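Examination of the molecular architecture
Take a look at the letters that make up each chain.
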Number of protein chains: 2
Amino acid sequence: MRKFAADKARNLILRPSSCTTTTFVSHYRSSALASSTSQSHLSRFFTSVHPSPSSSSDSMASNPVTLETINPKVLKCEYAVRGEIVTQAQRLQQELKENPGSHSFEEILYCNIGNPQSLGQLPITFFREVLALCDHPAILDRSETQALFSSDAIERAWQILDQIPGRATGAYSHSQGVKGLRDAIAAGIEARDGFPADPNDIFLTDGASPAVHMMMQLLIRSEKDGILCPIPQYPLYSASITLHGGTLVPYYLDEAAGWGLEISELKQQLEAAKSKGITVRALVVINPGNPTGQVVAEDNQREIVEFCKREGLVLLADEVYQENVYVPEKKFHSFKKISRSMGYGEKDVSLVSFQSVSKGFYGECGKRGGYMEITGFSPEIREQIYKLASVNLCSNLSGQILSSLVMNPPKVGDESHESYSAEKDGILSSLARRAKTLEGALNSLEGVTCNKAEGAMYLFPRINLPQNAVKAAEAAKMAPDAFYASRLLKATGIVVVPGSGFGQVPGTWHFRCTILPQEDKIPAIVTRLTEFHKGFMNEFRD
Amino acid sequence: MRKFAADKARNLILRPSSCTTTTFVSHYRSSALASSTSQSHLSRFFTSVHPSPSSSSDSMASNPVTLETINPKVLKCEYAVRGEIVTQAQRLQQELKENPGSHSFEEILYCNIGNPQSLGQLPITFFREVLALCDHPAILDRSETQALFSSDAIERAWQILDQIPGRATGAYSHSQGVKGLRDAIAAGIEARDGFPADPNDIFLTDGASPAVHMMMQLLIRSEKDGILCPIPQYPLYSASITLHGGTLVPYYLDEAAGWGLEISELKQQLEAAKSKGITVRALVVINPGNPTGQVVAEDNQREIVEFCKREGLVLLADEVYQENVYVPEKKFHSFKKISRSMGYGEKDVSLVSFQSVSKGFYGECGKRGGYMEITGFSPEIREQIYKLASVNLCSNLSGQILSSLVMNPPKVGDESHESYSAEKDGILSSLARRAKTLEGALNSLEGVTCNKAEGAMYLFPRINLPQNAVKAAEAAKMAPDAFYASRLLKATGIVVVPGSGFGQVPGTWHFRCTILPQEDKIPAIVTRLTEFHKGFMNEFRD
């Protein structure tokens, strides 16, 4: 059985290229003799393999991992949405739990993150019925199941299982995701846009974040590669660009114009980057905006597509809030639809659209489902993207199934259609009301202005802080908006994210606040926030 | 509402540090005037935003993304488990579907990847019951549910939901995973090892792969940082090291000693790397081995721990096959248990243990659940790892729940215990039989030797190819083992991965074959493989 052992030494020749393509140290054993010699040396070395605990610290090598010896890109990366204020909030929550009444509020209200179900939003029933049935198909043909689940959920579960090879929801799928689920998503995109979509353009991912990382990993070669990002931005982008060693090229959204995107600004920043030797590879547009909540106008979208085409930029379109539009005068249009309606086809513009099951009205953050639709890339590049996807095997099947469901919900006539529509409309109209109430409340505060919440899940009010507050923040070694957010938390239990975590025009201060607390909590939030703000202004008034 | 618009120009001062820590191009607008000037210039530029399709190619910028302009690390990365042979297999499968009878076999047998449920293995009932109930808790207190689900699954679902804040399985969790689920996992580790485990050391991840990437991202600064990896290795490691820009420092497992790991070899390769200016940061050990199937002996494990401690290396222990041991004379011991049993505590050795729900007897690959347990890192480093986890928010909740279930299965006395044990034992004993049968069949082939399959899910036979076959492979521009695997696929429909995808001693040739086809398919596989091999040897005999 081991008859080739003797051949081994003969075969130990130097051929590094036959191993893998990783940078290898090209020291292969040059002879079996050398190997066995050093082995016998080392067996003496390791004779005593049971040191006593007391002796262990003597022989201990210096700590192999310190802040000085880790990847500096990791050290540099920041992610404010789960940063210092949130840690502080978790501490307060623990204090409240251990010692009820220890603070002037009874609970922590997490308005820092777009996480609807953590604040009491219920999942869409139909989606969860289908997920449960796909998790446990053994009950699909039991009579009790008919009583517990809607008939179209049962039917849909069968359909989905039929699309999964061997009906195996516990198997790795194709690295882009189950083909049949991608078919459903492509059909949903077609129905949304009125232009064809190809299931082979879809890459299903564990939420949108890994898809963003994948594109950054593909595009960024060094700090000489730049990515145009809006300021303010969702800090996933700055974090991902930092981790991949690139340069964030900021373009400022115009707060005075409802967080509008000006092509002149893009052009200016692009030229400035070029003059510094930066090759700008891509433009990130978040529409509807995070943290800013604006919905980009159709004309503006056309200008953006034109700009990317002319400048040879990949358009990275973060469209995860596509279902979250709250004003009748604005409508979501995908950049692909805009591009196609301009007459541009596959070869004209390189475009990536990110979508997620975490947002919309479903808010299924914990399921980690999402996809990117990539168009305008050559077959060789698609192959590289496929390879990146395949290194992680595939995204989770529940997330894949859910992604297909959100893009292909119950239709008129289906048993669940009525309840599904009621749940959907209930959530979206409530979100619109909450946005309006909070926007109004913020705008009524001294020195605070807040743009209209047209879409997404956030408000990003600007706070004109008194100089005394700025000084107090400096004394506390905090950014002024972080100081404000920290004081707000301690006084009210409300968690918001300081604007400095998203980027802002230097010298201006903001915070991001979600519109997600349940509607019955909104009045209390408004009261607490208003009282806190008055007190804060009185304390620090110049 | 927009009363601060006028302040904006004044605030546009150069303060790059206030934005984020990403490398920013430090060109902020220097004045609003410049901006509006260039804007009016650009509005003329973009007057025509509806070009006709025919004109579009004229104005098209050169393709922004080509193989020459992407991240060379992506280009360099390889992942053979889903590589060329698999693409070829998918093509054949399509041909069989469109044109039944077009090949001499009726189906493609995917022995390339550890994906049990894709080959017909059924999921563990209890696990799926709990998952379904957690997905759709609305049915938990319905009477029909009692008839459909076991009572302990219902009870467990309640317990799990109680551990999830707001019972919201659709909410992002703590970035390390739901605390209550980590408690259950830590308790499972304690029960397994007989040493304490801390839930704060657990990071739940979407399968083990993202955890491996996270550690590589943390440790690798440049190509001057090396990671000691076994050869042969699971290509996730080479891919991840390549993507993060590090150097794979290979150490060869000794095929003649049942793929044993010799400390002398580690030492020699470490010194060789050092002499080339490489700082070796970590040692990867895969136990049970992938692709090699060996189980590391306890004495050898102690030597490895000692080596890592002495040399200041992080021990990255891939322990995803911990439940897959098929021989009575070997037993799985976690490296943490070994380290603790040697008297080493938290401060002595930096150790990461990777675990996954994809392997074991459950084989829930599609659920993408897993965790890493990190010990021996300072609080500052743990904070950095936490930050990396938080950038991706959290892993999927179904995977988190499943991770807690595999580490805390039904106990004696629970309603499901008997069926659970029967399912588990059935799968594991069948895997052991399949391993033995395939190992025997391979060893009976001319010029083939195959080590004992002690554990994991693979066999890694060595094939001594005739020189004529090597020449034919060269003529076909293929590695000889890829040539063999390709011929095997075309003749039999059996998909294996060439040894060159895992690394092997130069001049030797292997392939990896899973032991996962269902037991009733094994005789046919043996027959087909044997016939093919005879034909191949006859064709190419020197």
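Keep in mind that this is a model prediction, so the values were computed, not measured.

1. So, the overall build of chain A
Looking only at helices and strands, chain A features 20 helices and 15 strands. Within chain A, contacts between residues at least 6 apart in sequence are counted, and of these 71% link residues at least 24 apart.

2. Regarding the pattern of salt bridges
Residues and elements named next belong to chain B. Overall, the coordinates contain 46 salt bridges over all chains when judged by the stated rule. As a salt-bridge pair, Asp-183 and Lys-179 come within 2.9 Å of each other at their nearest N and O atoms. With a gap of four residues between them, Asp-183 and Lys-179 both fall in helix 9 (residues 179–193), about one helical turn apart. Given the relative accessible area of 33%, Asp-183 is considered partly exposed. Here Arg-302 and Glu-298 are joined by a salt bridge, their closest N and O atoms 3.6 Å apart. Here the residue Arg-302 and the residue Glu-298 both occupy positions in helix 13 (residues 298–311), the gap between them amounting to four residues, near one helical turn.

3. Some remarks on the packing of helix 12 (residues 263–275) of chain A against helix 13 (residues 298–311) of chain A
Residue and element names in this part refer to chain A. Contact pair helix 12 / helix 13: the axes reach a minimum separation of 10 Å and the direction vectors enclose 20°. When the axis of helix 12 is compared with that of helix 13, the two are roughly parallel. Relative to helix 13, helix 12 is oriented so that their crossing is right-handed. Facing Ile-263, Leu-266, Lys-267, Leu-270 and Lys-274 of helix 12, the residues of helix 13 in contact are Asn-300, Glu-303, Ile-304, Phe-307 and Glu-311. Its residues assigned to classes, the contact of helix 12 with helix 13 comprises five nonpolar, one polar and four charged.

4. Quick notes on a negative patch on the surface
Taken together, the side chains of Glu-68 and Glu-84 of chain A together with Glu-380 and Glu-383 of chain B present a region of like negative charge at the surface. Here Glu-84 of chain A is to be found in helix 5 (residues 84–98). Taking relative accessible area as the criterion, Glu-84 of chain A reaches 54% and is therefore assigned exposed.

5. Re the packing of aromatic side chains
For any two aromatic rings, the description comes down to two numbers: the centre-to-centre distance and the angle of the planes. Residue and element names in this part refer to chain A. Summed over the entire model, instances satisfying the criterion amount to 34 aromatic pairs over all chains. Ring geometry for Phe-361 against Tyr-362: centres 4.7 Å apart, planes inclined by 70°, an arrangement best described as edge-to-face. Here Phe-361 falls in the buried class, since its relative accessible area comes to 1%. Assessed through its relative accessible area of 1%, Tyr-362 is described here as buried. Through successive ring pairs, a cluster of aromatic residues spans Phe-483, Tyr-484, Phe-511, Phe-532, Phe-536 and Phe-540. Between the NZ or CZ atom of Arg-512 and the centre of the ring of Tyr-458, over which it lies, the distance is 3.9 Å.

6. Structural notes on the nonpolar core
The biggest cluster of nonpolar side chains holds 278 residues, and the ones touching the most others in it are Phe-354 and Met-372 of chain A together with Phe-354 and Met-372 of chain B. If sequence neighbours within four positions are ignored, Phe-354 of chain B has contacts with Ala-208, Ala-211, Val-212, Met-215, Tyr-237, Leu-316, Ala-317, Asp-318, Glu-319, Val-320, Tyr-371 and Met-372 of chain B.

7. Some words on the state of the cysteines
Residues and elements named next belong to chain B. Tallied over the entire structure, the rule returns zero disulfides over all chains. With no disulfide of its own, Cys-450 lies closest to Cys-513 among cysteine sulfurs, the gap being 8.8 Å. Residue classification places Cys-450 among the buried residues on the basis of a relative accessible area of 1%.

8. Some thoughts on the sheet that holds strand 11 (residues 458–459) of chain B
With antiparallel pairing, the three strands of this open sheet are ordered in space as 11-15-14 (chain B). Pairing within the sheet leaves two strands with one partner each, and these edge strands are strand 11 and strand 14 (497–498) of chain B.

9. So, the sheet that holds strand 11 (residues 458–459) of chain A
Residue and element names in this part refer to chain A. An order of 11-15-14 is seen for the three strands of this open sheet, with the pairing classed as antiparallel. Of all strands in the sheet, those bounded by a partner on one side alone are strand 11 and strand 14 (497–498). Pairing of strand 11 with strand 15 (residues 511–514) involves two bridges; the strand directions are antiparallel. Paired with Leu-459 across the two strands is Cys-513, which belongs to strand 15.

10. Focus: helix 11 (residues 235–243) of chain B
Two residues of an α-helix separated by three or four positions point the same way, owing to the 3.6 residues in each turn. Most of helix 11 of chain B is tucked away, with nine of its nine residues classed as buried. Gly-245 of chain B, located one to two residues past helix 11 of chain B, shows a positive phi value of around 80°.

11. Notes on the pairing of strand 6 (residues 279–286) of chain A
All names here are of chain A. Burial analysis of strand 6 places seven of its eight residues in the buried class, the great majority of the element. By the bridge criterion, four bridges tie strand 4 (residues 225–231) to strand 6 in an arrangement that is parallel. When the bridges of strand 6 are listed, Ile-227 appears paired with Ala-282. Relative to strand 7 (residues 314–318), strand 6 runs parallel, the two being bridged by five bridges. Bridge pairing in strand 7 places Ile-286 opposite Asp-318. Note on the crossover from strand 6 through helix 13 to strand 7: the handedness is right-handed.

12. A closer look at the confidence of the model for chain A
Mean pLDDT for chain A: 88, with 88% of residues reaching 70 or above. A low-confidence stretch, residues 1–61 of chain A stays under pLDDT 50, and its non-local contacts, those more than four residues away or across chains, total 130 contacts.

13. Some thoughts on the environment of Ser-150 of chain A
Residues and elements named next belong to chain A. Examined against the element boundaries, Ser-150 turns out to sit in the loop between helix 7 (143–148) and helix 8 (151–163). You can call Ser-150 buried: its relative accessible area is 8%. Sequence spacing of Ser-150 and Glu-129 is 21 residues, and the spatial spacing of their C-alpha atoms is 7.8 Å. Excluding residues that lie within four positions of it along the chain, Ser-150 makes contacts with Phe-126, Glu-129, Glu-415 and Ser-416. Engagement of the side chain of Ser-150 in a polar contact is seen with the side chain of Glu-129, the distance being 2.7 Å. A polar side-chain atom of Ser-150 sits 3.0 Å from a polar atom in the side chain of Ser-416.

14. Quick word on the pairing of strand 9 (residues 370–375) of chain B
All names here are of chain B. With six of its six residues buried, strand 9 lies for the most part within the structure. With burial as the criterion, each face of strand 9 is covered, one bearing Gly-370, Met-372 and Ile-374 and the other bearing Tyr-371, Glu-373 and Thr-375. As paired elements, strand 3 (residues 202–205) and strand 9 share four bridges and run antiparallel to each other. Within strand 9, the position partnered with Thr-205 by the bridge is Gly-370. Pairing analysis gives six bridges linking strand 8 (residues 351–356) to strand 9, with the strands arranged antiparallel. Residue pairing in the sheet places Ser-353 in a bridge with Glu-373 of strand 9.

Parameters and conventions
Residues numbered from 1 in each chain as written. Chains lettered and ligands numbered in written order. Predicted model: local features only at pLDDT ≥ 70, side-chain atom pairs only at ≥ 80, totals over all residues. Heavy atoms only, no water. Helix = DSSP H or I, 4+ residues; strand = E, 2+ residues; numbered from the N terminus. Contact = heavy atoms within 4.5 Å. Salt bridge = Lys/Arg side-chain N within 4 Å of Asp/Glu carboxyl O. Buried < 20%, exposed > 50% of the residue type's maximum accessible area, 1.4 Å probe, protein only. Axes fitted to C-alpha atoms, helices over the stretch in contact; angles between N-to-C directions. Parallel < 35°, antiparallel > 145°, perpendicular 65-115°, else oblique. Left-handed = near helix turned anticlockwise from the far one by under 90°. Nonpolar A, V, L, I, M, F, W, Y, C, P; charged D, E, K, R; others polar. Patch = residues over 30% accessible without salt bridge, like charges linked within 9 Å, V, L, I, M, F, W, Y side chains within 5 Å. Areas by Shrake-Rupley, 256 points an atom, 1.4 Å probe, with all protein chains shown as cover. Lys, Arg positive; Asp, Glu negative; His and termini not counted. Charge placed at Lys NZ, Arg CZ, Asp CG, Glu CD. Phe/Tyr/Trp six-rings, centres within 6.5 Å; stacked < 30°, edge-to-face > 60°. Lys NZ or Arg CZ within 6 Å of the ring centre and 35° of its normal. Core = buried A, V, L, I, M, F, W, Y, C linked by side-chain atoms within 4.5 Å. Disulfide = S-S within 2.5 Å. Pairing = 2+ DSSP bridges. Right-handed = clockwise from strand over helix to strand, strands pointing away. pLDDT = per-residue confidence, 0-100. Polar contact = N/O pair within 3.5 Å; in protein donor to acceptor, adjacent residues only side chain to side chain.

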